[in-house]
Amino acid sequence: MDVVGREGFRTVADNSLANLIANPPRVEDAWRYGVGVTSGTTGNEPLVVVSKYPLTSYERYADVIAPVNCLGSANARLIYTLASRHGMKSEHSRALTLDAADLNSRLEQLLKEYKPDSIFGFVSFVARVAEYVDTDTASRVRLLNLGGECLSPAVEKMLTVTFPNAHIRMAYIMREVGRVSKPSCEYQPRNHYHPIEGVTIEIHEPDETGAGEILISKKARGADIVRYAPGDMARLIAGPCACGESVTFELLGRKGNDYVKLAGALLHRDEFDRVASRAALFDDYRVEASSELRDGHLVGKIVMRVWSAGEISEPARKEIQSRFTRELFLTPTQTLGQLVVQGIFLPLEVVVSDEPFPRKDKEIKIIQV
Amino acid sequence: MAEKLRSDSAPDFYKNIWENEIDFSALPTASRVDLLNTPLPERTYKQSRSLVKIVSAGEGDSFLSEWSYEDIKKEPYGLPSVRPMVYLSDMHESVEKSMWCYENGTVPVIGETHNPEVADIMARKYRIDSLIADSASLTKLESYLSSGIEPLSSISVLGSAFDVAELERFALFCKTFRLVLTLPETGAFATALFSKEPEFIPLHTCLIEKNETLILTKITPLVTPIIRYDTGIPVDAVHMRTD
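Residues numbered from 1 in each chain as written. Chains lettered and ligands numbered in written order. Predicted model: local features only at pLDDT ≥ 70, side-chain atom pairs only at ≥ 80, totals over all residues. Heavy atoms only, no water.

## Concerning the overall build of chain A
Along its length, chain A carries nine helices and 21 strands. Along the three orthogonal principal directions, the C-alpha set of chain A runs to about 70 × 55 × 45 Å. Here chain A holds 369 residues, and 56% of them are scored as buried. Considering only contacts within chain A whose residues lie at least 6 apart along the sequence, 61% involve residues at least 24 apart. Counting every atom, chain A has about 16,100 Å² of accessible surface; 50% of that belongs to carbon and sulfur. (Helix = DSSP H or I, 4+ residues; strand = E, 2+ residues; numbered from the N terminus. Buried < 20%, exposed > 50% of the residue type's maximum accessible area, 1.4 Å probe, protein only. Contact = heavy atoms within 4.5 Å. Areas by Shrake-Rupley, 256 points an atom, 1.4 Å probe, with all protein chains shown as cover.)

Structure follows, in structure tokens:
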């Protein structure tokens, strides 16, 4: 059976949108629907998708009364606000949804006034907000409900130090198909999930490590979604979990032709390829992106491994380091070098590999470690 | 309502501003400075399901403003429609006005003003029939509005000042073109149908006094009530009906 990528998914999305326009929900049911766009990170026209939220998708807010929502897009902010409005049980509950523009010197005081008991949102955004939370406010936070990206060990450590009383809960959810996994299982390491009922997980053409593109089948949004490939890499974990679940999968990050989110920046493979092509100093490369705590702040770290059939001399290695520092854009307007100066990234490390890179975790050139 | 706000159990916010003054028309006015200087819990007069937003006061200053969903629903930010789009420059306002749509039983789309191309796609594909925008964001959607689509049922422009000459051309793109005088911390307080000299009509829940600036009182018991609030809007900046 064919794999359905984002472009193939367009038909499903268009049909559900046409259906919503022809049959708008009743006034009392409007809050169960959302219309938004996918992130469009594939470079194609973003999909406009209709989401119908079962009550269970709002339940993640059931036991909190003062969440802070930390999302990158207006769509996501609205949906999280909607979910908090209808998911929280307390009649005295409130919700604050942050924008990147709010990350300034006033935020610490405003969060102190707000007194959050939980933080919901994307890993990298929550990590940035953590820098604006004082000790007393942080100690009130009981829950970190994270998603959108894998949680690296460095970020997890930073979050557990900052929010000592918070339980970290994660789930694999996406705009196009909704919830895919149950909340993270206490018997599993980070980034390992059990699918919810009705979801089938397959790995497309797995390599020798079992890694490949995740395929999701689910009945959702009023249509059967079959073998949808959202562009994430994963592997299935053999054997039943101690919790009794029979299926476990590990998320590995975005598919190699895409990107890794790190320290508020996007490491696009296309951008690495662009600079590599201009420099023409090596034949192949791999990038390891990670976060490190430096003086209490989370900073991005990039280690670039390069290989060439010919020799890469020390001056050539330094030239690679210099050119990527100067020419690699990690935000629409800022190079790696500029972010290093601002203390957001550590200086680029370039390591020469003695041998070609094996086809492990295939197609992944940039990984988050 | 001013009496209630003076009760022993009420927060000190207005008691501190008013001190011993009891004559309503002589009550000292409140302003953004008071909101900036008073933490949210000290000006929270009721507890209910609510949305908290950050209001930018310029020069790096900002404060929290809390609104119950019940109160948000009552504000006249837009007119009834089936497929509204909310397109505002400020993210907090955008989310709140989108929640206004939900509270009134419609499913909105929310546009990112820093990405007009995507907003254009969303408007086109959802076939929006009304728009809630501000002056700056409206301009960013002009290519869509002028692309030969059927006129929207309404466009509501929210703001505290309006450049009529700049807005005039958008009247062609909708059946009802209206201006809504509003501040993030007060909600709406007057509306006008667009014309070259728009006449604003105060909402029936609002009392507007004219000093050098417009002084606003809302009779709705909000989370932070608005009593003799100095809007900072010069009295000669808008034509306000006074009867």
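The rest of the description comes next.
## Points about the packing of aromatic side chains
Applying the stated criterion across every chain yields a total of 16 aromatic pairs over all chains. The interplanar angle of 25 degrees and the centroid separation of 6.4 Å between the aromatic rings of Tyr172 of chain A and Tyr193 of chain A together place this pair among those described as stacked. Here the residue Tyr172 of chain A occupies a position in the loop between β7 (167-170) and β8 (173-174), and Tyr193 of chain A occupies one in strand β10 (residues 192-193), the gap between them amounting to 21 residues. Look at Tyr193 of chain A and you get buried, because its relative accessible area is 3%. When the centroid spacing of 6.1 Å and the interplanar angle of 45 degrees are considered together, the rings of Tyr14 of chain B and Tyr45 of chain B count as tilted. With Tyr14 of chain B in helix α2 (residues 13-18) and Tyr45 of chain B in the loop between α3 (32-37) and β1 (50-58), the pair connects residues that are 31 residues apart, well separated along the chain. Just as Tyr14 of chain B is buried, Tyr45 of chain B falls in that class too. Over the face of the ring belonging to Tyr80 of chain A we find Arg60 of chain A, whose NZ or CZ atom lies 4.9 Å from the ring centre. Positioned over the ring face of Tyr114 of chain A is Arg94 of chain A, at 4.9 Å from the centre of the ring. (Phe/Tyr/Trp six-rings, centres within 6.5 Å; stacked < 30°, edge-to-face > 60°. Lys NZ or Arg CZ within 6 Å of the ring centre and 35° of its normal.)

## Remarks on the pattern of salt bridges
Enumeration over the complete set of coordinates arrives at 37 salt bridges over all chains. A salt bridge links Arg77 of chain A to Asp99 of chain A, with the shortest nitrogen-to-oxygen separation between them at 2.8 Å. Here Arg77 of chain A, found in helix α2 (residues 74-87), pairs with Asp99 of chain A, found in the loop between β4 (94-98) and α3 (107-114); they are 22 residues apart in sequence, far enough to count as distant. Residue Arg77 of chain A is classed as buried on the basis of its relative accessible area, which comes to 4%. Given the relative accessible area of 16%, Asp99 of chain A is considered buried. It is possible to trace a salt-bridge network through shared partners that takes in Lys53, Glu93, Glu96 and Lys97 of chain B. (Salt bridge = Lys/Arg side-chain N within 4 Å of Asp/Glu carboxyl O.)

## Side note on helix α6 (residues 153-162) of chain A
All names here are of chain A. For α6, every residue scored as buried is listed here: Val155, Met158, Leu159 and Thr162. Down the axis of α6, the sector holding all buried residues measures 95 degrees, keeping them to one side. Along α6, the residues that are exposed and aim more than 90 degrees away from the buried face are Pro153, Lys157 and Val161. Packing partners of the buried residues in α6 comprise α4 (123-130), α5 (135-140), β6 (143-147), β7, β18 (284-294) and β19 (297-307). (Arc of directions from axis to C-beta.)

## With respect to the confidence of the model for chain B
As a general rule, the predicted coordinates of low-pLDDT regions are not to be interpreted in detail. Mean pLDDT over chain B stands at 95; residues scoring 70 or higher make up 100%. Predicted as a complex, the structure gets a pTM of 0.82 and an ipTM equal to 0.95. (pLDDT = per-residue confidence, 0-100.)

## A word on the environment of Arg294 of chain A
Residues and elements named next belong to chain A. Looking at the element boundaries, Arg294 is found in strand β18. Residue class for Arg294 comes out partly exposed when judged on its relative accessible area of 42%. Sequence separation between Arg294 and Glu131 is 163 residues; the distance between their C-alpha atoms is 12 Å. Leave out the neighbours within four places in its chain, and Arg294 touches Val299 and Leu346.

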